Amino acid sequence: MFKTMNIFRLCTLKHMRLLLLMNTLIFLVLLFTLYISFTHSEKNFNSGNKFDEKQLTLNIIENRLQKLQQALKNRFPSAVDYIDVHVKHDLPTIYAITPTYKRWTQKADLTRLGQTLLHVPNFRWIVVEDSNEKTALVTNFLKFSGLQYTHLNAKTDQNYKLKSTDPNWLLPRGVAQRNKGLTWIRKNLSPHNNGILYFLDDDNTYSLRVFEEMRSTEVASVWPVGLSGGLKFEGPGKCKDGKVLEWYTAWKPERPFPIDMAGFAVNLKLLFKYSEAEYSNDAPRGYLESHFLTGLKLKRHDMEAKADNCSKVLVWHTRTEKPKMKQEEALIRQGKSSNSEMEV
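Labelled according to an unreviewed UniProt entry, the protein chain appears under the name Galactosylgalactosylxylosylprotein 3-beta-glucuronosyltransferase, originating from Ciona savignyi. Per its UniProt entry, the protein chain bears the Pathway (unreviewed entry) comment "Protein modification; protein glycosylation."

So this is what it looks like as structure tokens:
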């Protein structure tokens, strides 16, 4: 009897080891396939021919991956769960443009946002620095972020640069950086791409649900933004059947679109249809969003109401408190910095 039990245990152990080995091999194949598909994520397509070759390669890999998924599903259903979490072929890709600039809290803000974005499938982060060149801080951060990204830079015209003592609303911000991101999309993506455009400020707070809400955008969509415009929320205030009936704002309600930058998304097809639409430094205060959206020939009634008919706040216009660094700056002037190489 004991001999029979030992034989049974030995067979079971061998079977478990075989399954473990097979799962390990399959996992390595998946990682290699995903690596081939998404390697060189930062490199741009240089020409139409190269773009076609790249797209053809991706299509071949995608077909192979789908066949592998089906084979795995029959033998190891749990392995398919891994694929579904990380690569969802039926979902539009979200292309999010984030302007960023050098400041004490830059890395902290990017880290907080980046770790939220790790949970968003089919997502490409287009990070644009307000700088003459890409900085080591942002370069290294993105390299180890685990995200699919494009790293760009565009310097703000000095005539439109806020001074440290200026209020945030005095001049439009992020114009050059957002336009740089728009240019990259138009040059490197096809008008037939199934995608959504979103402008993602690095100091806001985002619920994961807001990304799922925007994926179904057919033309352009809106939702309320919390703690915006000096209000509890700003943007669409009353909606029904996916349409905005009333807008909730206190400042210049006559604006074409009284909303915050974080409160709308547009389908990529619209971006290619109206290829001249972009942001402008000459837009009046509070009209930055309106200038861009009207450039896409949109009107208020075109906007699709999301977030349960605008009844939920899924993004907040938070700002990281500016740290008081007088003592650190005083030590730096005296040559007594705690560690000049410490990256914060």
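Structure shown, so let's carry the discussion forward.
### Brief notes about the state of the cysteines
This structure, assessed with the given rule, holds one disulfide. Here Cys239 pairs with Cys310 through a disulfide, and the sulfurs are 2.3 Å apart. Linking Cys239 and Cys310, the disulfide has an S-S dihedral of approximately -80 degrees and is accordingly described as left-handed. In this pair, Cys239 is assigned in strand S8 (residues 233-240) and Cys310 in helix H10 (residues 307-310), connecting sequence segments 71 residues apart.

### Brief notes about the packing of aromatic side chains
Inspection of every chain in the model, using the stated rule, returns eleven aromatic pairs. Judged by centre distance (6.2 Å) and plane angle (85 degrees), the rings of Tyr198 and Tyr206 are edge-to-face. Tyr206 matches Tyr198 in its accessibility class, with the two residues each being buried. Ring centres 6.0 Å apart and planes at 35 degrees place the aromatic pair Tyr206 and Phe211 in the tilted group. For Phe211, a relative accessible area of 0% corresponds to the buried category. Among the aromatic residues, ring-to-ring pairing joins Phe123, Tyr198, Tyr206, Phe211 and Trp223 into one connected group. The ring of Tyr101 has Arg103 sitting right over it, with the charged end atom 4.4 Å from the ring centre. Note that Arg178 overlies the ring of Tyr279, its terminal NZ or CZ placed 5.7 Å from the centroid.

### What to know about the pattern of salt bridges
In total, this model carries twelve salt bridges according to the counting rule given. The salt bridge partner of Arg103 is Asp202, with a shortest N-O separation of 2.9 Å. Note that Arg103 is positioned in the loop between strand S1 (93-100) and helix H4 (106-117) and Asp202 in the loop between strand S4 (195-199) and strand S5 (205-206), a separation of 99 residues in sequence. Accessibility expressed as a relative area gives 5% for Asp202, which makes it buried. Between Asp109 and Arg112 there is a salt bridge, with its nearest N and O atoms 2.7 Å apart. One end of the pair, Asp109, and the other, Arg112, are both in helix H4, three residues apart, so they sit about a helical turn from each other. For Arg112, a relative accessible area of 42% translates into the label partly exposed.

### Description of the UniProt feature "site: Interaction with galactose moiety of substrate glycoprotein" (unreviewed entry) in the protein chain
The positions UniProt marks with the feature "site: Interaction with galactose moiety of substrate glycoprotein" (unreviewed entry) are Glu234 and Gln327. Residue placement: Glu234 occurs in strand S8. A residue is classified by how much of its surface remains accessible, and Glu234, at 6% relative accessible area, is buried. With residues up to four places along the chain from it excluded, the contact list for Glu234 reads Pro224, Val225, Ser228, Gly229, Tyr248, Thr249, Arg255, Pro258, Ile259 and Asp260. At 2.7 Å, the side chain of Glu234 forms a polar contact with the side chain of Thr249. Here Gln327 is to be found in helix H11 (residues 326-333).

### Here's the deal with the nonpolar core
One finds Ile185, Leu197, Phe264 and Phe292 to be the most contacted residues of the largest nonpolar core, which totals 39 residues. If we ignore the near neighbours within four places in the chain, the residues touching Phe264 are Tyr198, Phe199, Ser221, Val222, Trp223, Ile259, Tyr279, Glu289, Phe292, Leu293 and Met303. Within the second largest apolar cluster, 28 residues are counted, among which are Leu110, Leu117, Leu200 and Ala307.

Analysis parameters
- Residues numbered from 1 in each chain as written.
- Predicted model: local features only at pLDDT ≥ 70, side-chain atom pairs only at ≥ 80, totals over all residues.
- Heavy atoms only, no water.
- UniProt positions renumbered as here; feature names shortened; annotations may be inferred.
- Disulfide = S-S within 2.5 Å.
- Helix = DSSP H or I, 4+ residues; strand = E, 2+ residues; numbered from the N terminus.
- Phe/Tyr/Trp six-rings, centres within 6.5 Å; stacked < 30°, edge-to-face > 60°.
- Buried < 20%, exposed > 50% of the residue type's maximum accessible area, 1.4 Å probe, protein only.
- Lys NZ or Arg CZ within 6 Å of the ring centre and 35° of its normal.
- Salt bridge = Lys/Arg side-chain N within 4 Å of Asp/Glu carboxyl O.
- Contact = heavy atoms within 4.5 Å.
- Polar contact = N/O pair within 3.5 Å; in protein donor to acceptor, adjacent residues only side chain to side chain.
- Core = buried A, V, L, I, M, F, W, Y, C linked by side-chain atoms within 4.5 Å.

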